[in-house]
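# Commentary on secondary and tertiary structure
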Amino acid sequence: MKKIGVLTSGGDALGMDAAVRAVVRAGIAAGAEMYAIYEGYQGMVDGNGMIRRMVWGDVGGILYKGGTVIGTARCDDFRQRHGRLRAAQNLLNHGIDSLVVIGGDGSLTGANLFRQEWGSLLDELVYNDQIPYDVAEAHRTLTVVGLVGSIDNDMWGTDISIGADTALHRITDAVDAISSTAASHQRSFVVEVMGRRCGYLALMSAIATGADWVLIPESPPNLDAWENKMCSVLKNGRENGRRDSIVIVAEGAQDRHGNAISCNYVKQVLEERLQEDARVTILGHVQRGGSPSAFDRNLSTLMGTAAVDAIMSGQVTGEATLIGLKGNKITHASLEECLAKTKEIGEAIKSCDYGRAMELRGRGFQEAFQTVRTLVRAIPHDPAPGQKQRRIAVINSGAPAPGMNTAVRAAVRLGLDKGHKLFGISNGFSGFAEGEIQELNWMSVNGWAYLGGSELGTNRHIPANSDFYKIARNIEEHNIEGLLIIGGWSAYVAALELYQRRDNYPAFNLPIVCFPATIDNDLPGAELSVGADTALNSIVDSVDKIKQSAVASRRVFVVEVMGERCGYLALMGALGTGAERVYLHEEGMRLTDLAKDVESLVDGFKSGKRLGVIIRSEGANDTYTTDFMCTLLEEEGGDYFTARKAVLGHMQQGGNPTPFDRILATRLATNCITYLEEEIGKSEQVSACIGLQNGAFKFTEFHDMARLMDMENRRPKQQWWLTLRPIARMMANGRSHEKLV
Ligand code: ADP
């Protein structure tokens with residue numbers, strides 16, 4: 001039987017626990033014997049009780065916890081060969097020859113070295129009579145799979161590491177709070193965020209919070225007198241109506257010559273040159289605390305499962321493997337190459353080769369930096385000579401989705417900065433018909449980066465009858481040349497309605513871009529829509545609370561989540577909360593399924609279970625409603641449990657957008673403006689919807705978009721996340737483990 005060890009090592013990151021849970025459960029489900037190695041490499045070196053067999057229940061109830069249950073530590077012994085020798089002996093004493101290591105680049109460097117040395121360590125142990133020859137022969141290779149657990153997101157080879165999203169939650173919460181106090185007193189705040197030599201957290205939090213200046217290690221201001229530039233931007237901002245100034249400084253920030261830039265230095269500069277009261281906030285360990293975000297829980301679960309799959313399928317033999325994420329797909333890469341490239345970035349920064357550092361961080365990082373440089377401006381650039389000024393309108397349509405305002409802000413500022421005129425249409429398509437159109441300037445969207453809801457106003461109205469004529473007239477009257485529609489299903493349908501009437505209404509012959517903004521994540525051409533991550537976090541938070549409320553009672557909860565007939569929120573919510581069962585319209589719902597579930601719940605409660613959670617997508621079945629399910633469970637639960645329903649309702653649509661949604665909104669808006677700019681004025685103008693597809697932003701033209709839509713069920717015909725169902729099922733009860741494709 002395969003014996004697999006799992007450990008967490010180095011700095012702690014939220015989500016590491018969820019990864020341990022996933023590794024242990026996926027391993028058991030795949031027929032392996034699982035061992036947790038406590039306190040990182042120290043436990044491996046010390047052996048004995050520090051290496052413990054894990055069973056299914058040992059990793060129950062830890063999804064929402066902070067810290068790591070099996071402990072993480074730094075270990076100097078493991079840096080020495082003698083320490084690694086003892087570690088190898090301890091692993092072999094348990095018959096373990098496969099490891100899943102969850103940690104930062106230091107921990108993964110150690111893991112890679114350990115694997116390389118394994119053969120010689122075994123030889124030495126045999127030579128010293130510390131292990132028998134046949135034991136060594138039976139475990140000649142050490143299989144190593146690494147998962148990056150680090151808030152810094154500094155590893156090459158994955159878009160994101162476990163813990164970075166949660167750290168961004170803590171940072172944005174703190175900066176949002178600081179912004180409100182700063183605005184009341186017209187103050188400047190200098191905020192230091194973690195990240196060592198990586199500017200990811202600083203850059204992304206600057207985008208997410210609408211900060212006014214950011215300093216990152218990879219790309220210091222390209223001027224010796226950068227202080228003047230920073231001060232003039234901040235001063236200009238104030239003169240143009242900003243009430244606060246927020247400067248975000250990465251802990252590894254440096255200038256062009258490699259000299260560290262500290263928060264205190266920035267404060268001193270602001271006070272001396274702007275005669276302003278400036279305050280420093282060093283966020284420190286707050287960034288590591290709390291409960292993991294929905295994204296980190298699910299990322300860890302998918303990565304942990306993939307790690308076990310890689311080991312059990314024999315995919316990892318020679319080299320050590322790093323499990324990463326690109327877009328929303330799990331990737332496998334050579335750990336050695338990822339470590340080498342990560343090291344190269346560090347060296348590039350150290351030697352002030354910033355071009356190389358930015359190149360290695362990748363396109364997404366570079367684009368984000370360009371965007372932030374535009375967004376922090378106090379006023380737009382003067383138009384470039386010969387630049388055509390276009391007239392672009394922005395509209396919100398459909399139910400409100402957190403992140404709509406962030407998207408409008410980014411689109412307006414990026415459009416203005418390129419010399420165009422931007423118009424905001426209020427109250428969706430009904431407002432469009434009624435001519436509720438206003439020109440927007442730089443400060444019209446100030447402070448919108450973190451606001452939930454829709455400042456422009458939105459509704460589900462789909463144009464009909466006389467609306468078309470009125471909308472066409474308004475387009476002509478305002479001479480609108482391009483239209484950005486930010487919204488959900490009804491927004492897309494409305495866009496198609498205009499598009500299909502181009503022959504009757506020449507005004508509709510303008511490029512239109514549909515931008516996916518709905519909590520339901522049910523749109524064609526986009527694997528993820530803006531708002532869904534915020535809703536998912538609301539669901540996960542609520543279910544955590546529901547679970548806590550039920551500690552003393554034996555109870556089953558049926559939690560109904562939004563999404564109509566699209567089960568994305570339900571499935572991802574179940575994955576993030578460890579719910580026992582999830583019901584989706586896509587899978588259908590049979591009475592026999594319900595009966596089976598009731599039976600297995602009764603069995604569970606008979607043998608000591610105290611709580612059950614079932615998540616139900618609101619449109620799962622019209623007949624077997626949430627009330628029906630509760631009544632059934634209550635009746636059948638008899639003396640074993642009671643049943644309660646929790647309909648989460650509109651709180652899923654509210655709240656300020658999460659950092660993930662703000663960043664996605666900003667990146668999508670950037671691409672939309674570029675697209676419209678390119679299409680306006682072409683003889684054959686194209687209209688399209690934008691979305692993330694396989695890790696890149698792609699445009700799907702309207703005629704394809706219509707083909708991808710399942711109009712009856714109001715969801716795309718193909719939904720990528722349905723492939724995650726076996727993982728959700730397996731994590732809940734050990735059944736149905738199929739390979740992650
Ligand atoms: P992180 O994994 O978060 O980057 P560290 O750099 O502190 O954190 O590494 C964690 C542990 O990994 C170290 O305490 C040590 O046990 C091990 N480690 C780090 N680098 C090496 C190395 N070059 N060789 C062997 N072990 C290492």
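Residues numbered from 1 in each chain as written. Predicted model: local features only at pLDDT ≥ 70, side-chain atom pairs only at ≥ 80, totals over all residues. Heavy atoms only, no water.

## Looking at the overall build of the protein
Across its full length, the protein carries 24 helices and 24 strands. Against the 2.2 N^0.38 benchmark of 27 Å for 741 residues, the protein shows a C-alpha radius of gyration of 27 Å, consistent with a compact globule. Projected onto the principal axes, the alpha-carbon positions of the protein cover approximately 90 × 70 × 50 Å. Sorting the 741 residues of the protein into buried and exposed places 60% on the buried side. Contacts in the protein between residues far apart in sequence, at least 24 positions, make up 78% of those at least 6 positions apart. Computed over 77 positive and 89 negative side-chain charges, the separation of the two mean positions in the protein equals 1 Å. (Helix = DSSP H or I, 4+ residues; strand = E, 2+ residues; numbered from the N terminus. Rg over C-alpha atoms; globule rule 2.2 N^0.38 Å. Buried < 20%, exposed > 50% of the residue type's maximum accessible area, 1.4 Å probe, protein only. Contact = heavy atoms within 4.5 Å. Lys, Arg positive; Asp, Glu negative; His and termini not counted. Charge placed at Lys NZ, Arg CZ, Asp CG, Glu CD.)

## Topic: helix α3 (residues 81–93)
A rise of 1.5 Å per residue sets the reference length of α3, with its 13 residues, at 18 Å; its end C-alpha atoms lie 18 Å apart and thus fit the reference within 8%. Taken together, the buried positions of α3 are G83, R84, L85, A87, A88, Q89, N90, L91 and L92. Just past α3, the residue G95 takes up positive phi, approximately 75 degrees. (Expected span 1.5 Å × (residues − 1).)

## So, the packing of helix α10 (residues 294–312) against helix α18 (residues 532–549)
Look at α10 against α18: their axes get within 8 Å of each other, and the N-to-C directions meet at 90 degrees. Classified by the angle their axes make, α10 and α18 are roughly perpendicular. Along the contact surface, α10 presents A294, F295, R297 and N298, while α18 presents D533, L536, N537, V540 and D544. Partitioning the contact of α10 with α18 into residue classes produces four nonpolar, two polar and three charged. (Axes fitted to C-alpha atoms, helices over the stretch in contact; angles between N-to-C directions. Parallel < 35°, antiparallel > 145°, perpendicular 65-115°, else oblique. Nonpolar A, V, L, I, M, F, W, Y, C, P; charged D, E, K, R; others polar.)

## Some thoughts on the domain arrangement of the protein
Per the domain assignment, the segments of the protein are domain 1 (3–161 + 292–327), domain 2 (164–288), domain 3 (391–528 + 659–709) and domain 4 (532–655 + 724–733). When each unit is reduced to the centre of its C-alpha atoms, the spacing between domain 1 and domain 2 is 37 Å. The partner domain 2 presents 14 residues to the 15 residues of domain 1 that form the contact. Together domain 1 and domain 2 conceal approximately 1,300 Å² of surface at their shared face, both sides included; 50% is due to carbon and sulfur atoms. Where domain 1 touches domain 2, the interface holds four salt bridges. Across the pair D12 and R288 runs a salt bridge whose closest N-O atoms are separated by 3.7 Å. Linking domain 1 with domain 2 are eight residue pairs in polar contact (both at pLDDT 80 or more), by the criterion used here. (Domains from an automatic or database assignment. Buried area = accessible area lost by both parts, 1.4 Å probe. Salt bridge = Lys/Arg side-chain N within 4 Å of Asp/Glu carboxyl O. Polar contact = N/O pair within 3.5 Å; in protein donor to acceptor, adjacent residues only side chain to side chain.)

## Considerations on the sheet that holds strand β20 (residues 642–647)
Taken together, four strands build an open sheet; the order of strands is β18-β19-β17-β20 and the sheet is parallel. Bordering the open sheet on either side are β18 (581–583) and β20, each of which pairs with just one other strand. Averaged over neighbouring strand pairs, the angle between their axes works out to 20 degrees when direction is ignored. As defined by bridge partners, strand β17 (residues 555–561) adjoins strand β19 (residues 611–617) across seven bridges and the pair is classed as parallel. In the strand pairing of β19, R555 is matched with L611. Seen against the sheet, helix α19 (residues 568–577) touches β17, β18 and β19 and runs at an angle of roughly 160 degrees to β19. Here helix α20 (residues 591–606) sits on the sheet and contacts β17, β18 and β19; the angle it forms with β18, its principal contact strand, is near 160 degrees. (Pairing = 2+ DSSP bridges.)

## Concerning the sheet that holds strand β11 (residues 329–334)
Taken together, the seven strands give an open sheet; going across it, the order is β3-β2-β1-β4-β5-β10-β11, and neighbouring strands pair in mixed fashion. Strands with a single pairing partner mark the edges of an open sheet, and in this sheet they are β3 (51–54) and β11. Strand after strand, the sheet turns through a mean of 30 degrees between neighbouring axes, direction not considered. The pairing of strand β2 (residues 33–37) with β3 spans four bridges and is classified as antiparallel. The residue bridging Y35 from the neighbouring strand is R53, located in β3. Along the sheet face, helix α1 (residues 16–29) touches β1 (3–9), β2, β3, β4 (98–103) and β5 (143–148) and points at about 180 degrees away from the line of β1.

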